[in-house]
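# Analysis of the macromolecular model
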Amino acid sequence: METQASVLIVDDDPDLCGWLGGELKRQGYEVAIAHNCASARELLARQPFNLALIDYRLPTKDGLETLKELREVDPD
């Protein structure tokens, strides 16, 4: 049985998340959505992801700061 690749989307725009998440699901990916860094950290603490797509301009932390925090939770 082949496992699905998983993608974590971190973006504060719900319309973009819905569209992008829907497209990725149609392509067979498992998708999780977080609208801020704290939510992304919580999701990553529960399960690993193969890829994280992170908005560069988030309200409380930019994308690079968010990436740094996520790598503290899971360096891979």
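Just above sits the structure.
Just so we're clear, the structure is a prediction, and the values are computed from it rather than from any experiment.

Next up on the list: a nonpolar patch on the surface. Where nonpolar side chains cluster on the molecular surface, the patch consists of Tyr56, Leu64 and Leu67 and spans about 310 Å² of accessible area. Here leucine 64 is to be found in helix H3 (residues 63-73). Assessed through its relative accessible area of 54%, leucine 64 is described here as exposed.

Here we come to the nonpolar core. Residues Leu8, Val10, Ala32, Ala34, Ala40, Leu43, Leu44, Phe49, Leu58 and Leu70 constitute the largest nonpolar core, which totals ten residues. For this core, the secondary structure elements donating two or more residues are strand S1 (6-10), strand S2 (30-34) and helix H2 (37-46). In terms of residues, this core owes the most to one element, H2, which gives three residues. In this structure, alanine 40 is in contact with Leu8, Val10, Ala34 and Leu70, ignoring residues within four places of it in sequence.

Turning our eyes to something else, we now look at the side chain of threonine 66. With respect to the helices and strands, the residue threonine 66 is situated in helix H3. Judged by relative accessible area, threonine 66 falls into the buried class, the value being 0%. For threonine 66, the contacting residues outside a window of four places in its chain are Val10, Cys37, Ile54, Leu58 and Lys61.

Calculation notes
- Residues numbered from 1 in each chain as written.
- Predicted model: local features only at pLDDT ≥ 70, side-chain atom pairs only at ≥ 80, totals over all residues.
- Heavy atoms only, no water.
- Patch = residues over 30% accessible without salt bridge, like charges linked within 9 Å, V, L, I, M, F, W, Y side chains within 5 Å.
- Areas by Shrake-Rupley, 256 points an atom, 1.4 Å probe, with all protein chains shown as cover.
- Salt bridge = Lys/Arg side-chain N within 4 Å of Asp/Glu carboxyl O.
- Helix = DSSP H or I, 4+ residues; strand = E, 2+ residues; numbered from the N terminus.
- Buried < 20%, exposed > 50% of the residue type's maximum accessible area, 1.4 Å probe, protein only.
- Core = buried A, V, L, I, M, F, W, Y, C linked by side-chain atoms within 4.5 Å.
- Contact = heavy atoms within 4.5 Å.

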